[in-house]
Amino acid sequence: MASCTQSFQITLVCIFWFMGLCFAGDPFKFFNFEVSYIEASPLGVPQQVIAINGKFPGPTMNVTTNDNVVVNVKNKLDEELLLHWSGVQQKKTTWQDGLPGTNCPIPSRWNWTYQFQVKDQIGSFFYFPSLHFQRASGGFGGITINNRDEIPIPFDFPYDDITIMIGDWYTRNHTALRNTLLAGKDLGKPDGVLINGKGPYRYNDTIVPDGIDYETITVHPGKTYRIRVSNVGISTSLNFRIQDHNLLLAEAEGSYTVQQNYTSLDIHVGQSYSFLVTMNQNASSDYYIVASARFVNQSQWQRVTGVGILKYTNSKGKAHGPLPEPPQDEFDKTYSMNQARSIRWNVTASGARPNPQGSFRYGSINVTEIYVIQNKPPTMVDGKRRTTLNGISFVNPKTPIRLADKYKLKGVYKLDFPTAPLTGPPKMETSVINGTYRGFMEVILQNNDTKVHTYHMSGYAFFVVGMDYGVWSNSSRGTYNKWDGIARTTTQVFPGAWTAILVSLDNVGIWNLRTENLDSWFLGQETYIRVVNPEPSNKTEMPMPDNALFCGQLSKLQKPQDISSATSIRGNGSKFIFTMLLLVSAIFSVFH
């Protein structure tokens, strides 16, 4: 037996030695996600939530720039599933974006494997299920993309890394919430705000009921931590703060920022930030971590406040007293906007960054196409309560747009999304923006709703160059920040205001542009940007993966269960490494 074991060890060493020679420059990270329902009581009421590997929230994916990420997903829900990697730019791999415009859904009880490279990216992001309002029941988790060792970070290496998911929450599951929207009704005020899937610490015996499990984060005194915070909620902007601790802002969705201290920061739906927090307070007691609703009547929303605990290892007592105050700006609508304007791009930091047309000087690049995109409050379209962009309520086609392009199907969508708001009654259509490959697009997001909206664009980081109240006009360009506007994937647009972004269309594919407010997104407030290289090449877009799913007009091409063992790993070398891993597993089982 000893000789068998020795032979196995030699075989194993040889396999990994050969793999190391072939793939040292392209490391792979493998994840297995089993998506299922579990019962949880984050606000003290038992309910069905969506878990990843039995956990809510799901595990944080910790990877490094240029890693090849392979995620095998087992859908154990009773409905279709897609996972979207929000903020991961999917360079050349629109097929892996996990949205209905690009992918057919994973059927219930089926496996599917995503594979993409986190190419030239760093930063803090998150993943979530993108179909059927499922994010309202969970299924989300953090994505951390670290710098490669040879690329320095623009601050001292922190002692540890902490991921925090905040978001508004309902005790009704996503099916009930979805049915409420389909019945033409508002969701109403949420039941609470969760911090890492847990309810509030009982800081007030009257407001917070007994028996609720709350989040506790334990830290060492004197150490500096990098705390990554994402708002994964449905529609509520949240103010994040830690009692008596400064938040030194370091990064926003993949871009290092000019480092500034904040006592609190507004984090809107879909946004992610990372802060450097030094544990420099005394340990006479624990400290509150707070996520509270913004732009609401605080007295009416007291019960809708997330509260966790920051505990020093040498703490001498429980947190006590009132929560740290939120911004006192009830009659100052410019406070939050000025805070957003203060977030600037660190143009001297090393590391992955947007690089339009070979220049960091985005302000001197000629704009080639302009879109003024206006949203309004929900309205009736064809007898249904819907939301719109430029008067169009988007309808997801049964055949994904990218798949329709691949097979040259007609009538799936229209390349006629208007460059400005339409006059006349709104309509329901699959209307897509025709982007110009290597063009430089200016998009003005005009919010005519009464609440804050955040907008996300897949496939890119865009430059946030301006925002103000009122109606945007050509003269508004005079206020643009043309030097160090933050490059990110999600930006807020305040009610009755506009936000302007610039984006270099250098990533071929079909890319989603949407509000992150889940209720408005569900009702049609989105579109796609189609970016096609007129000279098709594997250098600008990877081939369709071998395990691509088929649906809609192409459903006849889908073989039953043919994805149960398929992967989307591309290329002979990639398939070889996957085969070698299976071989290692088989050998290991023989000798054990």
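The rules behind these values
- Note on numbering: residues in each chain are counted from 1, in written sequence order.
- Whole-chain, interface and lining totals are the exception, using all residues; otherwise, since this is a predicted model, local features are given only for residues with pLDDT of at least 70 and side-chain atom pairs are given and counted only at 80 or more.
- With hydrogens and water set aside, each side-chain value is computed from the structure's full complement of heavy atoms.
- UniProt positions are given in the numbering used here, feature names are shortened, and annotations may be inferred rather than shown by experiment.
- Pairing between strands is defined by DSSP: at least two bridges between them are needed.
- For the purposes of this entry, the term helix denotes a DSSP run of H or I that reaches at least four residues, the term strand denotes a run of E that reaches at least two, and both are numbered from the N terminus.
- Every angle, taken between N-to-C directions, lies between 0 and 180 degrees, and every axis is a line fitted to C-alpha atoms, over only the stretch in contact when it is a helix.
- When the centres of two rings from Phe, Tyr and Trp lie within 6.5 Å, Trp using its six-membered ring, the rings pair. Their planes under 30 degrees apart give stacked, over 60 give edge-to-face, and anything left gives tilted.
- Each residue's exposure class comes from its accessible area (1.4 Å probe, protein chains only) as a fraction of the maximum for that residue type: buried when under 20%, exposed when over 50%, partly exposed otherwise.
- Ring-over charges, as used throughout, are those where CZ of Arg or NZ of Lys falls within 6 Å of the ring centre and within 35 degrees of the ring normal.
- The contact rule is simple, with two residues in contact once any of their heavy atoms fall within 4.5 Å.
- In protein, a polar contact means a hydrogen-donor-capable atom and an acceptor-capable atom, both N or O and within 3.5 Å, with residues adjacent in sequence counting only if both atoms are side-chain atoms; elsewhere, any N or O pair within 3.5 Å suffices.
- One side-chain nitrogen of Lys or Arg within 4 Å of one carboxyl oxygen of Asp or Glu is enough to make a salt bridge.

The protein appears in an unreviewed UniProt entry as Monocopper oxidase-like protein SKU5 from Nicotiana tabacum. UniProt annotates the protein under Sequence similarities (unreviewed entry) with the comment "Belongs to the multicopper oxidase family." The UniProt entry for the protein carries the following comment under Cofactor (unreviewed entry): "Cu cation".

Asker: Give a detailed account of the sheet that holds strand S8 (residues 141-146), specifying residues and quantitative values.
Answerer: Sheet strands associate in pairs through backbone hydrogen bonding, adopting either a parallel or an antiparallel arrangement. The strand order across the open sheet built from 4 strands is S3-S8-S7-S5, with neighbouring strands paired in mixed fashion. A strand with exactly one partner marks an edge of an open sheet, and here the two such strands are strand S3 (61-64) and strand S5 (83-86). Averaged over all pairs of adjacent strands, the angle between strand axes in this sheet comes to 25°, irrespective of strand direction. Note that strand S7 (residues 123-129) and S8 share 5 bridges and pair antiparallel. Bridged to Phe-126 within S8 is Gly-142.

Asker: Which residues make up the packing of aromatic side chains, and what values do they have?
Answerer: Tallying each qualifying case throughout the model produces 29 aromatic pairs. An angle of 65° between the planes, with centres 6.5 Å apart, marks the rings of Phe-31 and Phe-33 as edge-to-face. For the residue pair Phe-31 and Phe-33, the accessibility class agrees, reading buried in each case. Here the aromatic cluster, defined as three or more aromatic residues joined through ring pairs, consists of Phe-31, Phe-33, Trp-85, Trp-112, Tyr-114, Phe-116 and Tyr-127. Above the face of the Phe-295 ring, Arg-294 is positioned so that its terminal group lies 4.7 Å from the ring centre. Above the ring of Tyr-469, the side-chain terminus of Lys-333 is found at 4.6 Å from the ring centroid.

Asker: Let's hear about the environment of Lys-318: which residues, and what values?
Answerer: Relative to the elements of secondary structure, Lys-318 occurs in the loop between strand S19 (305-312) and helix H3 (335-341). Overall, the relative accessible area of 64% leaves Lys-318 in the exposed class. Excluding its chain neighbours within four sequence positions, the residues that come into contact with Lys-318 are Tyr-201, Ser-285 and Asp-286.

Asker: Any details on the side chain of Asp-286? Residues and values, ideally.
Answerer: You can see Asp-286 is positioned in the loop between strand S17 (272-278) and strand S18 (287-293). Within the structure, the side chain of Asp-286 is placed 3.0 Å from the side chain of Lys-311, a separation counted as a polar contact. A distance of 2.5 Å separates the side chain of Asp-286 from the side chain of Ser-315, its partner in a polar contact. When neighbours within four sequence positions are excluded, Asp-286 is seen to be in contact with Gln-243, Ile-309, Leu-310, Lys-311, Tyr-312, Ser-315, Gly-317, Lys-318 and Ala-319.

Asker: Talk me through the pattern of salt bridges; I want residue IDs and the actual numbers.
Answerer: On inspection of all chains with the given rule, the structure shows 26 salt bridges. Linking Asp-266 and Arg-294 is a salt bridge whose minimum nitrogen-to-oxygen distance equals 2.7 Å. With Asp-266 in strand S16 (residues 265-267) and Arg-294 in the loop between S18 and S19, the pair connects residues that are 28 residues apart, well separated along the chain. Judged by its relative accessible area of 5%, Arg-294 is buried. Of the charged contacts, one joins Glu-429 and Lys-414 as a salt bridge, the two residues approaching to 3.4 Å between their closest N and O atoms. In this pair, Glu-429 sits in strand S24 (residues 427-429) while Lys-414 sits in the loop between helix H4 (401-406) and S24, placing the two residues 15 residues apart along the sequence. The network of salt bridges with common partners includes Asp-161, Arg-226, Arg-228 and Glu-251.

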